[in-house]
Amino acid sequence: METVERRVLVVEDERAIADAVAARLRAEGFRVEVVGDGPGAVAAARRIPPDVIVLDVMLPGFDGLEVCRRIQAERPVPVLMLTARGDETDLLVGLAVGADDYMAKPFSMRELAARVHALLRRADKVATAASIKRLGDLEINQAERRVLRGGVEVHLTPTEFDLLVHLAGRPRTVLPRERLLADVWGWADASGTRTVDSHIKGLRRKLGADLIRTVHGVGYALEVDR
Ligand code: CA
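Residues numbered from 1 in each chain as written. Predicted model: local features only at pLDDT ≥ 70, side-chain atom pairs only at ≥ 80, totals over all residues. Heavy atoms only, no water.

A.B. asks: Can you help me understand the side chain of arginine 149 in this one?
C.D. replies: Along the polypeptide, arginine 149 turns up in strand S8 (residues 146–149). Judged by relative accessible area, which is 18%, arginine 149 ranks as buried. A distance of 2.7 Å separates a polar atom in the side chain of arginine 149 from the backbone oxygen of leucine 207. Within the local environment of arginine 149, its side chain forms a polar contact with the side chain of aspartate 210, the two groups lying 3.1 Å apart. (Helix = DSSP H or I, 4+ residues; strand = E, 2+ residues; numbered from the N terminus. Buried < 20%, exposed > 50% of the residue type's maximum accessible area, 1.4 Å probe, protein only. Polar contact = N/O pair within 3.5 Å; in protein donor to acceptor, adjacent residues only side chain to side chain.)

If you want it as structure tokens, here you go:
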């Protein structure tokens with residue numbers, strides 16, 4: 001994860017501050033783009049798209065609060081807002097429109113870099129948590145394509161994994177074999193339903209026979225507590 005170059009959009013019209021922030025973040029290994037006005041910021045956020053935005057409130061065009069509102073409406077992205085010292089209104093409105101953190105000017109570049117790293121760590125954690133599905137004692141991590149049952153990791157083939165994800169998408173619901181074949185294997189006809197059966201057998205052997213119920217003549221259901 002850390003080897004991927006993370007992109008930061010810096011939105012600040014005061015050239016000296018923008019340059020200092022950009023230089024510090026580049027030194028931290030980020031790819032940085034700087035824009036100096038509201039409309040440009042919204043366009044850049046669409047084009048890049050950034051992993052984090054460092055956003056000044058006072059901007060030409062429209063202000064940072066409006067920028068934040070528009071960007072968050074399109075795609076959630078962590079925002080570190082830069083406010084004038086003591087401006088509580090900007091701070092409160094900023095948090096209301098989706099800023100995640102703020103710093104009052106003047107700030108140290110070291111502190112700024114630390115805040116940007118912290119925002120990214122938090123965003124990564126949220127992304128990982130969102131891709132983990134827990135059903136009873138079954139845990140499916142879709143980002144890492146790993147499965148645990150009762151806390152013990154179980155190694156599945158790629159097809160077994162995809163099949164399990166489909167069954168887990170609708171627990172306790174009978175999914176017809178033809179439907180699983182179409183969704184997992186992409187086959188439109190029912191000639192390969194034996195393929196589904198053999199992969200179900202594999203899942204049962206690895207995850208436990210009690211996990212998947214057979215509904216004869218119809219299909220399969222994942223028997224877990226939601
Ligand atoms: Ca400004």
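A.B. asks: Sorry if this is basic, but what is going on with the environment of isoleucine 200 here?
C.D. replies: Note that isoleucine 200 resides in helix H8 (residues 193–207). Residue classification places isoleucine 200 among the buried positions, given a relative accessible area of 0%. Distance from isoleucine 200 to glutamate 88, taken between C-alpha atoms, is 59 Å for residues 112 residues apart in sequence.

A.B. asks: Could you clarify how one ought to interpret the nonpolar core in this entry?
C.D. replies: Soluble globular proteins tend to pack their nonpolar side chains together in the buried interior. Among the nonpolar cores identified, the biggest contains 25 residues, and Leu164, Leu167 and Leu222 are the most heavily contacted of them. Contributing elements (two or more residues each) for this core: strand S7 (138–141), helix H6 (158–169), helix H7 (177–185), H8 and strand S12 (219–222). Considering each element in turn, this core owes the most residues, six residues, to H6. If sequence neighbours within four positions are ignored, leucine 164 has contacts with Leu138, Ile140, Val147, Leu156, Leu203, Leu207, Leu211 and Leu222. Counting 22 residues, the second largest nonpolar core, distinct from the first, contains Ile48, Leu55, Val57 and Val79. (Core = buried A, V, L, I, M, F, W, Y, C linked by side-chain atoms within 4.5 Å. Contact = heavy atoms within 4.5 Å.)

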